[in-house]
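Notes for the structure review
Listed below are the residues making up each chain.
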Amino acid sequence: MDADDHGTVTLDGVPIITLQIAGREWRATIDTGFNGYLELPDVLLRPLNPQYIGQVTSILAGGQSIEEELYQVNFLFDDREIFAEATFVDDSDILIGTQLLRDYCLTINFVMRTVAIERVN
């Protein structure tokens, strides 16, 4: 993703962008209810070579808490290498949390079905 790229809002109202990670394009959902950085598919564990940070307790939308392993990863986002905290799950989608977007202006236009991310810092 670079700052000039725009994502889309799916027909069922989910804001998505595409990321290039480990030589492949990945669908990434912007989850404004997720205040972490990233949730990544297990298949990216090996290519990203993450550094283990420790255990973390995550509170899900329904109030359920789960224990997860937290890692530090680095990858290209907006044409620059970033370091972010990530958990890994058995899924094929990526979740982008609000912490990853802390230096960006996020605009989701549900009527036009567009997503724009612009760096402000």
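Residues numbered from 1 in each chain as written. Predicted model: local features only at pLDDT ≥ 70, side-chain atom pairs only at ≥ 80, totals over all residues. Heavy atoms only, no water.

**Topic: the layout of surface pockets**
- The calculated volume of the largest pocket comes to roughly 500 Å³.
- Examining the composition of the lining of the largest pocket, we find that four residues originate from one element, strand β5 (residues 51-59), more than from any other.
- When its residues are assigned to classes, the lining of the largest pocket shows eleven nonpolar, six polar and four charged. (1 Å grid on protein atoms, 1.4 Å probe; cavity = no way out; pocket = protein on both sides within 12 Å on 5 of 7 lines; lining within 4 Å. Points joined across faces, edges and corners; volume = space filled by probe spheres on them. Helix = DSSP H or I, 4+ residues; strand = E, 2+ residues; numbered from the N terminus. Nonpolar A, V, L, I, M, F, W, Y, C, P; charged D, E, K, R; others polar.)

**What about the side chain of E68?**
- Within the element layout of this structure, E68 appears in strand β6 (residues 65-77).
- R102 provides the closest opposite charge to the buried, unpaired E68, separated from it by 17 Å.
- Beyond its immediate stretch of four places on either side in the chain, E68 contacts E39, G54, Q55, V56, S58, T87 and V89. (Buried < 20%, exposed > 50% of the residue type's maximum accessible area, 1.4 Å probe, protein only. Lys, Arg positive; Asp, Glu negative; His and termini not counted. Salt bridge = Lys/Arg side-chain N within 4 Å of Asp/Glu carboxyl O. Contact = heavy atoms within 4.5 Å.)

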